[in-house]
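Architecture at a glance
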Amino acid sequence: MTEPSTSPNHVSPNVDQKPVDQPAPSEGDEPPIPNLQSSDPGQITRSSTSSTRTNVSEQGIATRSHTLSIPHLLELLDTSPTEGLAKKVASERVVRYGENALGADEGISIIRLLISQLANALTLVLVGALGLSFDVRDWIEGGVIAGVIFVNTVIGFFQEYRAERTMDSLRQLSSPTAIVMRDGQPTVVPAKQVVPGDVVQIKAGDVVPADIRLFIVSNLEVSEQLLTGESVPVVKSIETYKQADLPLGDRLNICYSSTVVTQGRGSGIVVATGMSSQIGRIADAMNDNKDDNSRLSLFSHIKETILVYSGVRKGTPLQRKLTKLAYVLFFCAFLLALVVFAVAKFKITEEVMIYAIAVAVGIVPESLIVVLTLTMSLGTRRMAQRNVIVRKLDALENLGGVTDICSDKTGTLTLGKMSVRKMWLVGDAEGYELSTHTTSDALEPVGDIHEGGDNGPVVNPDSIHEGLAQAIRVASLCNVATIQQNDTGVWVSTGDPTEVALQVFAMKLQMGRSEQREKQVPVNIEDDDNGGLRFQLLREFPFSSDTKKMSTIYFDHENHGQSICYTKGAVERLLNASSSYIPAPISAPNATAPITDELRQSLLAKAEEFAALGLRVIGLAQRILPVDVSAMSRDEVEQDLTFLGLAGIFDPPRPETLPAVRAAKEAGIVVHMLTGDHLSTAKAIAESVEVIGKDAPASAVMTATQFDKMTDDEIDALDELPLVIALCAPQTKVRMIKAGKRRGRHMAMTGDGVNDSPALKLAPIGIAMGLAGSDVAKDASDLVLTDDKFDSIISAVAEGRRLFLNIQRFSLHLLSTNVALVVLLVAGLGLRDHEASSVFPLSPLAVLWVNMITGTPPSLGLGTEKAPKNLMKKPPHSVIDGVFTWALIIDTFAYGVCIGLTCLLSFIIVMYAGVTPGDLATQRNAGVSQQCTLVARARSTVFATLIFEFMLYAWVLKDFERSIFNLEPGVAFYKTLYENKVLWWSVIIACASSVLPIYVPVLNTKVFYQQAIEWEWGVIVGMTLAFILWCDIWKIVRKPLYAKFLPPPTMELSASQSSSEASSIV
């Protein structure tokens, strides 16, 4: 933290009375900290709860905030450094200044949705049919087609609008957040709700939510590459500058919106939001040049617009692939129309033209994309209810194919509610050990601490000896966590769980940092015996994943000639940096002796003993330093330490973790635990949740050092990748992902820190923590866990598998029905009348009716089908083969051809084997005359058979392997069918509606060219039962048939295949 100069002349025992408005220091001086606890409270605190009437833009605060002193800025913005803004004031300022966003939210474009509905392949075919119908003056058919276009567009629009709204609401859940002071409480708010005057806290990994003027910094470094192009992070300070026109990169007391905190922490006052921020001004300038840029490439712009609105350039890989498939089928529809013309020897009459259009309509699966979009949006909503936010839909398509999960331990596999169970002071004797147990609330700083074992004497907080006090000060002061009671009396905390546990332990002994709000200043303090402020923070070196240590340097007002460094971290790293210890901490706490190699080994053995109990072991050390430490580097500070002892922290596994790990194993998923803990701690926790067994081979458990030292060839030579990696560093996660890819594994990786972002980006499925995760980690991830629990990952995988299976279900249903229509209509070309003209087995409008009734409703029902009970007992599906496997393609033709042939057979039976056998007279495609009655009845039979088979086929696809009459063992099949209400009523209503075009006068004869039927219902039932029988036979033979003739699913990726390629294959 930036502090006053550390020379003796600058040290004052009364830190609170430091002058407020200090002049800017001369070059080379340590920048001073402005003391916000002025003798005139009204000068720097909010004077009222009403919002200020000062117009921030008119005052030019945003442009000259780097030249304003902190008290002056607080007065202008009517805010307080400790209280922040009142919630009411913040709400008023949101209205006044607008949301903190770069331009207005585009939201859902109704025009774009309408155009996309009109641009799909089916609509284009129908528009062509509409034009031809009106051209030949068939007003009835033209009117019906126009109505179909309207209904299709409206239904598609509302379905896609609903899906877009769902996705928009989920995007809001994963939007950036900020920690601001509201009514004196640290509050997490959406970044767009940040307003001028807010006091914002930032830390490593955060994306800066707005332009802020800093008044507290602690080793704060910010990457401003987005704004200035400079790749090296900028070290921030709180210095007030005099020059108003400083370049942006030289205003070190300002953090700019959208830049990334790479190290340290800080607090500041928001001076500009939204389009008033520096990044907003750049965005505004880019918008001004937008028209000029578009004119330079008008053709490219038009081309891109067409591709976007047609769906080829938007959506997930599967959505884009299905859109392309729709247009390929559109081209096939054109070819089929040519076939119809060729059969008619290109004597293109009105009837031939309309029939060609009917065949073209039959091949296009018009609702495929809409159903896919709606199904995925419903899936993301279900996942949100299970505490998983989907940031990228690409991951949703491949989530069910996950083969490995690489999980953090703390807070994911464990509760994240850490508590200190043991503390041990090193000494020549056996040492001095403390033990404690926590209450049900790990944050509540109450409970006895015992000397020795759990039954030893209770430590009296009023008579703690200096040797113990030294160790507790390390736990308390080398620590940035806070613990306090909120307005409802509940204990709450901020900061890393490890530091929270240490702080609670210190507070139990009445040695925690002071948390009295009226004494809050930009330094951390501890009360001495006289009630004064004993320790003043001079410098802080935050925890680093590279050094595995954290250090703070304090000026000790009790010992005016020295500063003291408190360091905590990994035991091995701390021992390497230590040169001495205290042989007798009880009787001679200030006498030190050199650490011998023998003692070093005994200390490691003691740490191993703690770790074997499942405790996270933290080393504690200190070092006496001179007063002036401003020129000392971190390496110079963190050497020649005096090792004090160990703290053993327990973080129990979550109750739901063990069942979730077992479920993952049953699903063929390998669980890996990558943790920063000691090897023995990691192994103990891994065994308790069955990540590894008691008889696991040595290669299953490694340290990051061992894994990183191995070459790629050596890693590839291992029988299996390690199940547990201890002391894990961010680069270890990256190597793990790369090793998994070389083995063809589809891995999910969890992470929370800014350094985890490379691994999250590289992983096929990157999962960020919503509670403990940084903004950078969330931005790099595909999924965000809102509860940080491991079992939420398993729920997400299960939902991914369900979605994948349902996408296969409705894709198979839609494509099979299209195959059936093509078989029926093309084969029907062979039915000729006396004039050698083809007789239609279905009228064009009947084809449209069938498409509408049997399209979206049952497909959407299949998209909402629940997961089968054995879904998570099967191995993951292949992410390379994707949805359209060879099995699905063969099934499409096996079912579709059968439907088409049974419908054609029903036509032939009625025509040639009916009660009144007849032949195919002339002019039977343009209406129903007395001599065409039999053809009309045959058409009605085909129509009803087609709808009944299509709809019952949806029930057949509830399971790819089991009979429709035995979908769930031990449960009556009709109960299983009724479970999915959407699918049930879709089938029932569609089947019931089939009688309308058959029996409604005028509608049947003038529009559909059909007629009422009687005995023909026997044919309909017979053909439908024959199809159901074929389905059961096919389900019996398909599995052994595929096992014999089809290659096994492709699970492995080539070594050269990138993660982006892997995630885009469907």
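From a predicted model like this one, the values you see are computed outputs, not experimental measurements.

Criteria and thresholds
- Residues numbered from 1 in each chain as written.
- Predicted model: local features only at pLDDT ≥ 70, side-chain atom pairs only at ≥ 80, totals over all residues.
- Heavy atoms only, no water.
- Helix = DSSP H or I, 4+ residues; strand = E, 2+ residues; numbered from the N terminus.
- Buried < 20%, exposed > 50% of the residue type's maximum accessible area, 1.4 Å probe, protein only.
- Contact = heavy atoms within 4.5 Å.
- Areas by Shrake-Rupley, 256 points an atom, 1.4 Å probe, with all protein chains shown as cover.
- Pairing = 2+ DSSP bridges.
- Axes fitted to C-alpha atoms, helices over the stretch in contact; angles between N-to-C directions.
- Parallel < 35°, antiparallel > 145°, perpendicular 65-115°, else oblique.
- Left-handed = near helix turned anticlockwise from the far one by under 90°.
- Nonpolar A, V, L, I, M, F, W, Y, C, P; charged D, E, K, R; others polar.
- Salt bridge = Lys/Arg side-chain N within 4 Å of Asp/Glu carboxyl O.
- Polar contact = N/O pair within 3.5 Å; in protein donor to acceptor, adjacent residues only side chain to side chain.
- Core = buried A, V, L, I, M, F, W, Y, C linked by side-chain atoms within 4.5 Å.
- Phe/Tyr/Trp six-rings, centres within 6.5 Å; stacked < 30°, edge-to-face > 60°.
- Patch = residues over 30% accessible without salt bridge, like charges linked within 9 Å, V, L, I, M, F, W, Y side chains within 5 Å.
- pLDDT = per-residue confidence, 0-100.

On to the overall build of the chain. On a plain count of helices and strands, the chain comes out with 39 helices and 27 strands. When the 1066 residues of the chain are sorted by exposure, 55% land in the buried category. Summarising the internal contacts of the chain: among those between residues at least 6 apart in sequence, 71% fall at separations of at least 24. As displayed, the chain has an accessible area near 44100 Å², and 57% of this comes from carbon and sulfur atoms.

A word on the sheet that holds strand β9 (residues 404–407). Taken together, the eight strands give an open sheet; going across it, the order is β8-β27-β26-β25-β9-β22-β24-β23, and neighbouring strands pair in mixed fashion. Either end of the sheet is taken by a strand with one partner, and the two such strands are β8 (388–390) and β23 (701–703). Within the sheet, the average angular offset between the axes of one strand and its neighbour, ignoring direction, is 20 degrees. With three bridges connecting them, β9 and strand β25 (residues 747–751) associate as parallel partners. Its bridge partner lying in β25, D404 is registered against M747.

What follows concerns the packing of helix α30 (residues 844–853) against helix α33 (residues 933–956). Remark: α30 packs on α33, axes separated minimally by 11 Å, with the N-to-C direction vectors making an angle of 15 degrees. The angle between α30 and α33 falls in the class roughly parallel. Between α30 and α33 lies a crossing of right-handed hand. Note on element contacts: α33 touches α30 through F943, L946, I947, F950 and M951, opposite A846, W849, V850 and I853. Taken together, the residues of the contact of α30 with α33 break down into nine nonpolar, no polar and no charged.

As enumerated under the stated definition, the model contains 32 salt bridges in all. Close ionic contact of D712 with R735 constitutes a salt bridge, the shortest N to O distance being 2.8 Å. Here D712, found in helix α25 (residues 712–717), pairs with R735, found in helix α26 (residues 730–742); they are 23 residues apart in sequence, far enough to count as distant. We classify D712 as partly exposed; its relative accessible area is 38%. One network of salt bridges, in which partners are shared, links K422, E433, K606 and E609.

The next thing to look at is the side chain of T403. Looking at the secondary structure, you find T403 in the loop between α16 (393–398) and β9. Overall, the relative accessible area of 4% leaves T403 in the buried class. Of the polar contacts made by the side chain of T403, one reaches the side chain of D404; its length is 2.8 Å.

Taking burial as the measure, the 13 residues of strand β4 (residues 211–223) include eleven buried ones, the bulk of the element. Inspection of the sheet shows β4 paired to strand β7 (residues 260–272) by ten bridges, in the antiparallel sense. Among the inter-strand pairings, V222 is bridged to a residue of β7, identified as V261. In terms of strand pairing, β4 meets strand β6 (residues 254–255) through two bridges, oriented antiparallel. Note on β6: the bridge partner recorded for R213 is I254. One ladder, built from two bridges, connects β4 with strand β5 (residues 234–235); its direction is antiparallel. Within β5, the position partnered with V222 by the bridge is V234.

It is worth spelling out α30 at this point. Most of α30 sits inside the fold, with seven of its ten residues counted as buried. Considered for burial, the residues of α30 that qualify are P844, L845, A846, V847, L848, V850 and N851.

All right, on to the nonpolar core then. The biggest cluster of nonpolar side chains holds 137 residues, and the ones touching the most others in it are V691, F790, L842 and L946. Top contributing element to this core by residue count: helix α29 (residues 790–827), with 17 residues. For V691, the residues in contact, after removing those within four places along its chain, are V661, K665, V671, M673, A686, L723 and V724. One finds V420, I464, L477 and L620 within the second-largest nonpolar core, a separate group that totals 35 residues.

It is worth spelling out the environment of G401 at this point. With respect to the helices and strands, the residue G401 is situated in the loop between α16 and β9. Spatially, the C-alpha atom of G401 lies 4.9 Å from that of H877, the residues being 476 residues apart in sequence. The residues contacting G401, other than those within four sequence positions of it, are H746, P876, H877 and V879.

So, about the side chain of S816. Here S816 shows up in helix α29. When its relative accessible area of 0% is taken as the criterion, S816 is described as buried. Within the local environment of S816, its side chain forms a polar contact with the backbone oxygen of T892, the two atoms lying 3.4 Å apart. A polar contact of 2.9 Å, which involves the side chain of S816, links it to the side chain of Y953. In contact with S816, not counting residues within four places along its chain, are D891, T892, Y895, G896 and Y953.

Bringing the packing of helix α17 (residues 466–477) against helix α18 (residues 497–508) into the picture now. Across the interface, α17 lies against α18 with an axial gap of 8 Å and an inter-helix angle of 135 degrees. Here α18 runs oblique to α17, going by the angle between their axes. Our pair here, α17 against α18, has a crossing hand that is left-handed. Facing I472, A475 and S476 of α17, the residues of α18 in contact are L502, Q503 and A506. Within the contact of α17 with α18, the residues separate by chemical class into four nonpolar, two polar and no charged.

Let's shift gears to the packing of aromatic side chains. As enumerated under the stated definition, the model contains 14 aromatic pairs in all. Here a set of aromatic residues connected by ring pairs shows up, and it is made of F535, Y554 and Y566.

So, about the pairing of strand β21 (residues 641–650). Of all the ten residues making up β21, ten are buried; the element is thus mostly covered by neighbouring parts of the structure. Looking at chain direction, strand β18 (residues 578–581) and β21 are connected through three bridges and run parallel. Counterpart to Y581 in the pairing with β21 is F643. With eight bridges joining them, strand β20 (residues 615–625) and β21 adopt antiparallel strand pairing. Bridge pairing in β21 links L620 to G645.

Moving on: a nonpolar patch on the surface. On the surface, F331, F334, L335, L338, F346 and I348 cluster together into a nonpolar patch covering about 600 Å² of accessible area. On the secondary structure map, L335 appears in helix α13 (residues 317–343). For L335, a relative accessible area of 38% translates into the label partly exposed.

Let us now look at the environment of Q225. Among the secondary structure elements, Q225 is positioned in helix α9 (residues 225–228). Of the residues examined, Q225 reaches a relative accessible area of 44% and is grouped as partly exposed. For the pair Q225 and V260, spaced 35 residues apart in sequence, the C-alpha separation works out to 9.0 Å.

Summing up the model confidence of the chain, the mean pLDDT is 80 and the portion of residues at 70 or higher is 80%. Taken together, the stretch residues 1–59 has pLDDT below 50 and engages in 137 contacts with residues farther than four places along the chain or on a different chain. Throughout residues 515–531 the model reports pLDDT below 50, and contacts reaching past four residues in sequence, or to other chains, amount to 46 contacts.

In this structure, S258 takes a positive phi of about 75 degrees despite not being glycine. Its location among the elements puts S258 in the loop between β6 and β7. Unusually for a residue other than glycine, D640 sits at a positive phi of about 55 degrees. Of the residues examined, D640 reaches a relative accessible area of 45% and is grouped as partly exposed.

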